[in-house]
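# Observations on chain architecture
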Amino acid sequence: MSQISNEVKEQIKKRRTFAIISHPDAGKTTLTEKFLLYGGAINQAGSVKGKATARHAVSDWMEIEKERGISVTSSVLQFHYNDYCINILDTPGHQDFSEDTYRTLMAADSAVMVIDASKGVEAQTRKLFKVCTMRHIPIFTFINKMDREAMDTFELLDDIENELGIATCPINWPIGSGKEFRGVYDRASKKVEVFSDTHKGTTQGEVEKVALNDPELSWLITDSQKLQLEEEMELQDGAGAVFDQDLVSKGELSPVFFGSALTNFGVETFLQHFLKMTSSPLPRKSDAGLIDPMKEPDFSAFVFKIQANMNKAHRDRIAFMRICSGEFEAGMDVWHMQGGKKVRLSQPQQLMASERKMIEKAYGGDIIGVFDPGIFSIGDTLTASAKRFSYEGIPTFAPEHFARVRQVDTMKRKQFIKGINQIAQEGAIQIFQEYNTGMEEIIVGVVGVLQFDVLKYRLENEYNVEIRLDTLPYEHIRWIENTEIDMDRLTGTSDMKKVKDLKDRPLLLFVNEWSIRMTVDRNEGLILSEFGR
Ligand code: G4P
């Protein structure tokens, strides 16, 4: 077996690939912009103009790209900080929230969760968080907007622990909030990092670090703030979880940081701690055991996202893949496991927005997009190794909106079936059929309602089929884990619907959580899952 070269090893060791998640408006875009500022990818940060109005039409990141003329993409962004090469994966929020948002988390090694200090954990964070915990990926919390009135620090930590079911360990502790925000206390160094005006975050600013017992501190924070800090620290030291890197790596303990992305405060401290606490790309599960990027010399990757028609003129598809091991070179031939043949990875690009940048090389940990002649599916494995293996598949996530769909012109049945199947194969929607009714009607499930519009638009424009969508009242879907269950004998509530997916797996649709519980109660041994494996 060939040996992995030191150069490739060094490149992979430098990589940190993480997803950034938040509820809309918590400050994800602002924090990302500040990371770029510290990484030297941009010279001056400032508010991204016109974003509020453009928000619904385009991703925030594309806006940054337009504003700053830098290499930001709607999906992945790469920059360097000190010796690290950082890949940030965006998880679109707002209306363009879709199953892709979940799948993106499959390509990350850790996640940064941005929380608004005045709001605590919000709905969208909760959903994304569930996917992170399912994969046991480390989660780092940045509590943002400390320059505004914030919730009580203990309350915020309790909120994360209760809502998300994960232990927290504050790495630093805020001193005041809003107008009274003075900075954070770094628990390891026992120094207060004092907040200074960074001119609305347009310059990097200096952070003054003062020991808690230094008399100078009385100039910087009030006596009552100092007293409160000492009391809070005593409480936290006594009752809170201690930092444990092992638990962090297993995704069981979330290190928590406080700051204000807008004014740059606490961003660099966060970045420095975070980069030390996360790891370079780790071994990934495959059907041939773990594939370790530090041992496997050859290129391997899996597809986690397919984007169709990025360029209207060419009606092309781009398959986005996460490289798990080795070195990628433009135009290389690799083995496509699921297709059972060799393919050439052509037109590799690292940019995923409207503009594309061709790349020559990439390494384990990086994300690339390659031209897809219509052969790739989500979860497919590609490898240059003589060994044949497939990476663990990407689960199917539960859609939350459902509609019955039919073509308006009955003569166009063939195009309709072809189109809807192709769009489902790309992973933009999920399609279901009623169980054992012999009816040919198709039920479409989506994670975000915008996908319904996308479906309608694409069928009309690409397949010339007009459709009618009738929304259905279901909000929950569950896969049946124990497939030996007799579907005909399964009894649920009157509003429950039995369906099957493209792979003929049996599923149940429910209107509310109560129906789910009733159905589980009524059918002994029934095991339901929120993910299709
Ligand atoms: P998102 O990507 O998570 O949706 O959030 P984004 O960064 O766009 O931030 C949402 C709003 O919150 C923006 O204001 C942004 O300026 C503000 N913000 C972000 N971080 C902080 C912070 O640390 N402190 C304060 N006070 N505000 C913060 P906006 O008025 O909605 O947009 P804009 O017109 O200022 O861009």
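So, a few notes on the structure that sits alongside this text. (Residues numbered from 1 in each chain as written. Predicted model: local features only at pLDDT ≥ 70, side-chain atom pairs only at ≥ 80, totals over all residues. Heavy atoms only, no water.)

### Overview of the overall build of the chain
- Counting secondary structure elements, the chain contains 14 helices and 31 strands.
- Residues counted as buried form 54% of the 533 residues belonging to the chain.
- Counting only contacts in the chain whose residues sit at least 6 apart along the sequence, the fraction spanning at least 24 positions is 71%. (Helix = DSSP H or I, 4+ residues; strand = E, 2+ residues; numbered from the N terminus. Buried < 20%, exposed > 50% of the residue type's maximum accessible area, 1.4 Å probe, protein only. Contact = heavy atoms within 4.5 Å.)

### Observations concerning the packing of helix 5 (residues 99-106) against helix 6 (residues 123-135)
- The interhelical angle for the contact between helix 5 and helix 6, taken along N-to-C directions, is 30°, at an axis separation of 10 Å. As for how helix 5 packs across helix 6, the hand of that crossing is right-handed. Between helix 5 and helix 6, the residues in contact are Thr101, Tyr102, Leu105 and Met106 and Lys127, Leu128, Val131, Cys132, Met134 and Arg135, respectively.
- Residue composition of the contact of helix 5 with helix 6, grouped by class: 7 nonpolar, 1 polar and 2 charged. (Axes fitted to C-alpha atoms, helices over the stretch in contact; angles between N-to-C directions. Left-handed = near helix turned anticlockwise from the far one by under 90°. Nonpolar A, V, L, I, M, F, W, Y, C, P; charged D, E, K, R; others polar.)

### Some points on the pattern of salt bridges
- Across all of its chains, the model carries 26 salt bridges by this definition.
- When the shortest N-O distance is used, the salt bridge between aspartate 246 and lysine 250 registers 3.8 Å.
- Across the salt bridge formed by arginine 406 and aspartate 470, the nearest N and O atoms sit 3.7 Å from each other. A residue pair is termed long-range when its members are at least 10 positions apart, and arginine 406 in strand 23 (residues 401-407) and aspartate 470 in strand 26 (residues 467-472) qualify at 64 residues.
- One network of salt bridges, with partners in common, ties together Arg404, Arg406, Glu434, Glu441, Arg468, Asp470 and Lys497. (Salt bridge = Lys/Arg side-chain N within 4 Å of Asp/Glu carboxyl O.)

### Re the packing of helix 2 (residues 28-39) against helix 11 (residues 267-277)
- With their axes 10 Å apart at the nearest point, helix 2 and helix 11 run at an angle of 80° to one another. The angle between helix 2 and helix 11 falls in the class roughly perpendicular. Together, Leu31, Lys34, Phe35 and Tyr38 of helix 2 and Val267, Glu268, Phe270 and Leu271 of helix 11 make up the contact between the two elements.
- Class assignment of the residues belonging to the contact of helix 2 with helix 11 gives a composition of 6 nonpolar, no polar and 2 charged. (Parallel < 35°, antiparallel > 145°, perpendicular 65-115°, else oblique.)

### Digging into the sheet that holds strand 9 (residues 191-194)
- With antiparallel pairing, the 4 strands of this open sheet are ordered in space as 7-8-9-10. The open sheet has two edge strands, strand 7 (172-175) and strand 10 (208-211), and neither has a second partner. Between one strand axis and the next, the sheet turns through 30° on average, direction left out of account.
- Relative to strand 8 (residues 183-186), strand 7 runs antiparallel, the two being bridged by 4 bridges. Paired with isoleucine 175 across the bridge in strand 8 is glycine 183. (Pairing = 2+ DSSP bridges.)

### Brief notes about the sheet that holds strand 26
- Pairing within the open sheet is antiparallel, and its 8 strands lie in the order 26-23-25-24-28-29-27-30. A strand with exactly one partner marks an edge of an open sheet, and here the two such strands are strand 26 and strand 30 (528-529).
- Where strand 24 (residues 430-434) and strand 25 (residues 442-446) come together, 4 bridges link them in antiparallel fashion. Bridge pairing links isoleucine 431 to valine 444 in strand 25.

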